[in-house]
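Architecture at a glance
The residues making up each chain are set out below.
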Protein chains: 2
Amino acid sequence: MEPLFELAIRLPTRASRGLLRALHSQLRAAIINGRLKPGVQMPSTRALAASHGVSRNTVLAAYALLLGEGYLIARGGSGTYIAETLPRSLADKPKAGEESYDRRLNAAWRRRRPPFGRGAPQPAPRLSFQLGVPDIGLFPFDIWRRLSARALRRFAKARPAYHDPQGLLTLREAIAKHTSSTRAVACRPDDVVVTAGAQQAFDLLARTLVTPQRTVVAVENPGYPPLRAALIAAGAKVVPIPVDSEGLVVNGVPDDARIICVTPSHQFPLGTAMSMRRRTALLEFARARNAVVIEDDYDCEFRFADRPLDALQTLDRAACVFYVGTFSKSLFPAIRLGFVACPPWARRTLVTAKEYADSRCPELMQHTLAAFIAEGHLVRHVRKMRAIYSERRQALLHGLHSQFGHSLEPIPSAAGLHLAAFCKTSRDPDTIVERARLSGVGLYTLNRFATGKNVPPGLVFGYGAIEKAAITEGLTLLRRAW
Amino acid sequence: MEPLFELAIRLPTRASRGLLRALHSQLRAAIINGRLKPGVQMPSTRALAASHGVSRNTVLAAYALLLGEGYLIARGGSGTYIAETLPRSLADKPKAGEESYDRRLNAAWRRRRPPFGRGAPQPAPRLSFQLGVPDIGLFPFDIWRRLSARALRRFAKARPAYHDPQGLLTLREAIAKHTSSTRAVACRPDDVVVTAGAQQAFDLLARTLVTPQRTVVAVENPGYPPLRAALIAAGAKVVPIPVDSEGLVVNGVPDDARIICVTPSHQFPLGTAMSMRRRTALLEFARARNAVVIEDDYDCEFRFADRPLDALQTLDRAACVFYVGTFSKSLFPAIRLGFVACPPWARRTLVTAKEYADSRCPELMQHTLAAFIAEGHLVRHVRKMRAIYSERRQALLHGLHSQFGHSLEPIPSAAGLHLAAFCKTSRDPDTIVERARLSGVGLYTLNRFATGKNVPPGLVFGYGAIEKAAITEGLTLLRRAW
């Protein structure tokens with residue numbers, strides 16, 4: 001049995017020092033990553049030397065090193081084996097002198113943690129009021145597959161080229177047309193920068209707009225943690241600003257704020273729409289102080305009222321609003337495509353930042369999405385889903401009213417894929433959420449999205465990916481856990 | 001004719017000031033982005049007021065504003081029209097007070113330019129020795145389409161979830177196995193971070209490893225401009241280090257360098273492989289100074305020699321090498337997927353940075369790529385292409401020898417998709433490249449990839465996306481242009 005012959009052991013030059021190192025490190029690598037399984041017998045030093053054209057002494061030396069390090073064990077006269085008890089952490093555990101390895105990292109990054117903690121935002125219980133996800137079970141994947149196959153066929157015949165970091169023109173045209181007609185956003189294809197989801201839009205805006213350790217940025221509190229994370233990573237001085245029933249309290253924004261981030265159509269996570277008075281005040285603030293506004297319009301394709309407010313960008317006369325859109329909610333999150341409709345003065349810099357960050361978005365996805373929008377599938381899908389989400393929302397509101405009338409007060413909201421409610425009792429939301437989780441119901445506390453302690457106790461229910469019957473069942477279980 | 005009825009004009013509240021603003025800005029937006037075409041007659045103020053339930057005075061005021069701004073013109077008694085001569089630049093040109101808008105940008109970013117200038121790296125002439133692109137005409141897109149459709153079908157049935165920012169486990173398993181067997185890179189699935197191409201790997205490494213205005217980074221000169229760009233954007237003090245026939249001149253690296261970036265298998269753009277002596281010296285330098293090495297192994301699946309040198313990472317015993325791989329060359333650039341095989345101490349931070357940057361890579365592409373690798377298609381495709389590229393390389397070498405024996409000296413190279421050659425005559429490479437371009441032949445000067453003037457005159461020929469016959473024809477035309 002000569003397991004090594006199946007391995008890609010490649011030995012460099014004839015200089016024996018290099019040979020020994022290479023042989024040792026490759027054998028070690030094969031053991032660590034499992035190509036050589038624990039307990040397997042190693043070939044004899046003679047056989048290995050012969051098969052790889054190296055001296056037997058080199059192989060002996062490599063085996064000796066591996067024996068010393070505990071990767072191999074010698075069993076009396078019967079040969080050399082891969083250690084059975086090889087701890088997986090062998091390669092992970094810092095050896096002597098390795099403790100300081102992570103000092104090689106930028107100190108700020110070393111401290112940073114994922115915005116929602118490691119892993120998925122929430123472990124998935126049986127009945128999950130998960131936030132930020134649409135119902136992909138109802139997505140017309142057959143159409144997507146057809147358009148995707150067509151894009152691939154065309155792409156295969158096209159001339160190879162590195163494409164525009166701003167995004168494919170056909171996609172930017174489709175986005176400009178769609179967004180101006182559904183959200184009254186004033187933009188031309190030239191104003192659109194295609195990004196890897198909304199998160200990359202936030203990251204690129206943070207990097208290009210923030211001067212580290214100087215720029216003051218106002219964010220909503222409660223708000224969207226990953227946006228906050230991108231701003232902090234770019235060196236912004238982030239100031240959380242309270243939100244009330246009219247949206248961001250513009251009076252609370254410090255005079256020196258140069259970026260103000262808002263979710264005016266459907267505040268995340270409270271769900272309120274920003275009043276026209278506040279919108280006007282915010283735009284006036286930005287105009288007067290040469291500040292900019294980042295408008296995150298994350299789920300506003302789904303509106304359930306007759307007369308929705310327009311995007312803030314529509315009212316912008318000082319070229320200060322960056323409108324961020326995403327297809328994670330209207331299509332599916334795995335598409336990882338979003339965009340910024342940006343003022344002309346910022347476009348070139350934003351595109352340069354995109355090129356520095358990852359060159360551009362995958363062309364095949366862009367082609368497919370462009371066709372999906374241009375051929376009317378997006379509008380049809382949104383229309384269909386709007387009716388479904390509206391029913392779910394009604395079921396949720398009804399259940400909250402009938403089962404939690406005395407304990408929860410839903411926050412008025414006319415759009416989106418989630419609903420928040422304030423707690424009217426003194427029960428601790430964290431305890432409720434934890435007990436609900438144990439009963440198989442997933443939901444969120446408001447304070448999960450807050451900075452500091454000044455957000456009233458409350459709960460957040462996503463209804464994008466949970467069916468009507470499950471909503472009712474989930475609320476019943478929640479009632480019991482309560 | 002009532003063109004406005006087709007428009008998504010949405011009016012906010014009944015407060016007339018907000019109404020006027022909204023009506024004005026939406027009409028203006030519709031004109032700017034072309035939904036209202038030049039020359040079209042506007043509806044009467046009366047009709048518009050009635051259809052949108054606003055007072056006629058509001059509509060009159062909005063029209064008056066638009067007339068004043070030049071978006072509308074009044075034609076005697078016949079009504080109001082969209083201005084025919086509406087300059088497209090109306091919205092782009094800074095108005096009074098707008099000159100300073102771009103002061104809102106971070107000053108450093110405002111100055112930055114794309115690494116290769118705006119647009120494609122090179123305009124595409126008829127016969128193009130384009131760099132960095134494989135021959136996608138020979139890619140098995142039928143297989144890719146089948147795997148992609150299967151991934152979509154499975155995905156459509158899967159439970160919705162936000163996935164791991166590090167990358168899908170199946171893809172990381174496939175990458176770890178493939179890279180350890182083809183490049184002897186010692187990595188486990190846990191060590192792999194999936195990125196949006198090599199460029200995002202560079203960007204994430206720059207952001208997490210560089211302390212702005214402090215970290216000294218050594219890069220090869222000549223080298224790869226987009227890597228340099230990402231490092232500078234992260235605030236690194238970038239020091240260009242000369243490259244000779246053995247690769248990076250390690251003696252030239254300043255003592256305080258904390259990151260050293262190299263292309264050891266196939267120097268970009270010279271094409272040489274780093275000698276074992278230099279590799280050992282570089283790793284010793286990094287170990288002694290607690291520095292790290294970024295190894296860009298961009299096109300080394302294509303090797304034409306019998307005994308390739310291993311990856312630098314294979315020899316690393318101080319957990320200091322970040323191995324960056326990409327599928328842009330072995331598959332096709334539009335896939336926008338690459339990876340870092342990183343030391344355990346850096347992984348968590350790198351994954352956090354990835355999550356901040358864009359959450360994660362598109363799952364559908366990841367699923368498809370994982371299957372493509374796991375089912376052996378990558379290895380088969382690389383094997384097929386290696387033979388083809390080898391022939392092209394021979395044709396190029398033969399042509400250079402026979403037609404440019406006295407004027408060009410090819411730089412020895414045993415891998416990759418391009419070849420560089422030094423000019424032995426005093427002819428100016430820029431002039432040659434420009435004259436070649438006018439004859440329909442695209443190629444590059446060496447100094448395009450250099451910082452400063454200390455790189456000898458030379459030319460670079462990509463042969464990834466040019467057929468054998470075209471190579472010969474291209475060289476003949478180049479000979480004439482010479």
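If you're wondering where the values come from, they're calculated on a predicted model, not measured in any experiment.

**Topic: the overall build of chain A**
- The helix and strand tally for chain A stands at 15 helices and 16 strands.
- Looking at chain A residue by residue over its 482 residues, the buried ones come to 60%.
- Nonlocal contacts in chain A, meaning residues at least 24 apart in sequence, comprise 72% of its contacts between residues at least 6 apart.
- When the accessible area of chain A is evaluated, it comes to approximately 18,300 Å², of which 52% is carbon and sulfur surface.

**Here we look at the layout of surface pockets**
- In this structure, the largest pocket encloses a volume near 980 Å³.
- Lining the largest pocket are 38 residues, and of these Val210(A), Thr211(A), Pro212(A), Ala234(A) and Asn106(B) lie nearest its centre.
- Broken down by secondary-structure element, the contributors of at least two residues to the lining of the largest pocket are α4 (107–111), α7 (197–209), α8 (225–233) and β8 (257–262) of chain A together with α4 (107–111) and α8 (225–233) of chain B.
- When residues of the lining of the largest pocket are assigned to their parent elements, the largest contribution, 5 residues, is made by α4(B).
- Here the residues of the lining of the largest pocket are counted per class, giving 19 nonpolar, 9 polar and 10 charged.

**What to know about the interface of chain B and chain A**
- With 125 residues of chain B in contact, the opposing surface of chain A contributes 124 residues.
- Roughly 11,100 Å² of surface becomes buried between chain B and chain A when both sides are summed, with 54% attributable to carbon and sulfur atoms.
- Where chain B meets chain A, there are 2 salt bridges.
- The partner of Asp203(A) in a salt bridge is Arg207(B), and the shortest N-O contact between them spans 2.7 Å.
- The leading source of residues in the side of chain B that touches chain A is helix α11 (residues 344–358) of chain B, at 12 residues.
- Grouping the amino acids of the side of chain B that touches chain A by side-chain chemistry returns 64 nonpolar, 25 polar and 36 charged.

**Digging into the nonpolar core**
- Counting residues in each nonpolar core, the largest one holds 135 residues, and the members touching the most others are Phe332(A) and Phe332(B).
- Other than its neighbours up to four places away in sequence, Phe332(A) contacts Pro134(A), Ile136(A), Phe139(A), Phe141(A), Trp144(A), Phe327(A), Phe155(B) and Leu364(B).

**Brief notes about the pairing of strand β6 (residues 237–244) of chain B**
Residues and elements named next belong to chain B.
- Examined bridge by bridge, strand β5 (residues 216–221) and β6 share 6 bridges and lie parallel to one another. Note that in β6 the partner of Val 216 across the bridge is Lys 237.
- In the classification by handedness, the crossover that spans β5, the intervening α8 and the parallel β6 is right-handed.
- The pairing of β6 with strand β7 (residues 247–248) spans 2 bridges and is antiparallel. Each residue of the ladder has a partner; that of Val 243, found in β7, is Leu 248.
- What sits between the antiparallel neighbours β6 and β7 is a turn of 2 residues.

**Brief notes about the packing of helix α6 (residues 169–183) of chain B against helix α12 (residues 363–374) of chain B**
Residues and elements named next belong to chain B.
- The geometry of α6 relative to α12 is characterised by a closest axis approach of 8 Å and an angle of 35 degrees between their N-to-C directions. The two elements α6 and α12 cross, and the hand of that crossing is left-handed. Two secondary-structure elements touch here, α6 through Thr 170, Leu 171, Ala 174, Ile 175 and His 178 and α12 through Gln 366, Leu 369, Ala 370, Ile 373 and Ala 374.
- Of the residues belonging to the contact of α6 with α12, the class tally is 7 nonpolar, 3 polar and no charged.

**Looking at the sheet that holds strand β8 (residues 257–262) of chain B**
Residue and element names in this part refer to chain B.
- Taken in spatial order, the 8 strands make up an open sheet running β4-β11-β10-β9-β8-β5-β6-β7, and their pairing is mixed. One side of each edge strand has no neighbouring strand; the edge strands of this open sheet are β4 (192–195) and β7.
- As judged from the 4 bridges shared by strand β9 (residues 292–296) and strand β10 (residues 321–326), these two strands associate in the parallel manner. Looking at the pairing, Glu 295 lines up with Tyr 323 of β10.

**What about helix α9 (residues 276–289) of chain B?**
Residue and element names in this part refer to chain B.
- Between its first and last C-alpha, α9 extends 20 Å over 14 residues, near the 20 Å set by a 1.5 Å rise per residue.
- Along α9, the residues that are buried comprise Met 276, Arg 278, Arg 279, Leu 282, Leu 283, Phe 285 and Ala 286.
- Looking at the buried positions of α9, the neighbouring elements they touch are β6, β7, β8, β9, α10 (312–315) and β10.
- At the C-terminal side of α9, Asn 290 shows a positive phi close to 55 degrees.

**What to know about the relation of the copies chain B and chain A**
- When chain B is fitted to chain A, the residual RMSD is 0.3 Å, and the transformation amounts to a turn of 180 degrees plus an axial shift of 0.1 Å. The symmetry that links the two subunits is that of a two-fold axis. Residue Ala149(B) of chain B places its C-alpha closer to the rotation axis than any other residue of that unit, at 3.8 Å.
- Mapped onto chain A, 98% of the interface residues of chain B again fall at the interface, so both copies present the same surface.

**A closer look at the confidence of the model for chain A**
Residues and elements named next belong to chain A.
- Looking at chain A, pLDDT values average 87 and 90% of them are 70 or higher.
- Predicted confidence is poor over residues 1–6, with pLDDT under 50, and the contacts of this stretch with residues over four places away or in other chains come to 17 contacts.
- For residues 118–122, every residue scores under 50 in pLDDT, and the model assigns this stretch 14 contacts once sequence neighbours within four places are set aside.

**Focus: the environment of Thr272(A)**
Residue and element names in this part refer to chain A.
- Mapped onto the elements, Thr 272 comes out in the loop between β8 and α9 (276–289).
- Given the relative accessible area of 6%, Thr 272 is considered buried.
- Here the alpha-carbon distance between Thr 272 and Ala 420, two residues 148 residues apart in the chain, equals 9.2 Å.
- With residues up to four places along the chain from it excluded, the contact list for Thr 272 reads Asp 244, Ser 245, Pro 264, Ser 265, His 266, Gln 267, Ile 411 and Pro 412.

**As for the pattern of salt bridges**
Residue and element names in this part refer to chain A.
- Summed over all chains, the structure comprises 34 salt bridges over all chains.
- A salt bridge links Asp 297 to Arg 183; the shortest N-O distance between them is 2.6 Å. In this pair, Asp 297 is assigned in the loop between β9 (292–296) and α10 (312–315) and Arg 183 in helix α6 (residues 169–183), connecting sequence segments 114 residues apart. The pair formed by Asp 297 and Arg 183 is uniform in burial state, with each residue classed as buried.

Calculation rules
Residues numbered from 1 in each chain as written. Chains lettered and ligands numbered in written order. Predicted model: local features only at pLDDT ≥ 70, side-chain atom pairs only at ≥ 80, totals over all residues. Heavy atoms only, no water. Helix = DSSP H or I, 4+ residues; strand = E, 2+ residues; numbered from the N terminus. Buried < 20%, exposed > 50% of the residue type's maximum accessible area, 1.4 Å probe, protein only. Contact = heavy atoms within 4.5 Å. Areas by Shrake-Rupley, 256 points an atom, 1.4 Å probe, with all protein chains shown as cover. 1 Å grid on protein atoms, 1.4 Å probe; cavity = no way out; pocket = protein on both sides within 12 Å on 5 of 7 lines; lining within 4 Å. Points joined across faces, edges and corners; volume = space filled by probe spheres on them. Nonpolar A, V, L, I, M, F, W, Y, C, P; charged D, E, K, R; others polar. Buried area = accessible area lost by both parts, 1.4 Å probe. Salt bridge = Lys/Arg side-chain N within 4 Å of Asp/Glu carboxyl O. Core = buried A, V, L, I, M, F, W, Y, C linked by side-chain atoms within 4.5 Å. Pairing = 2+ DSSP bridges. Right-handed = clockwise from strand over helix to strand, strands pointing away. Axes fitted to C-alpha atoms, helices over the stretch in contact; angles between N-to-C directions. Left-handed = near helix turned anticlockwise from the far one by under 90°. Expected span 1.5 Å × (residues − 1). Least-squares fit on C-alpha atoms with pLDDT ≥ 70 in both. pLDDT = per-residue confidence, 0-100.

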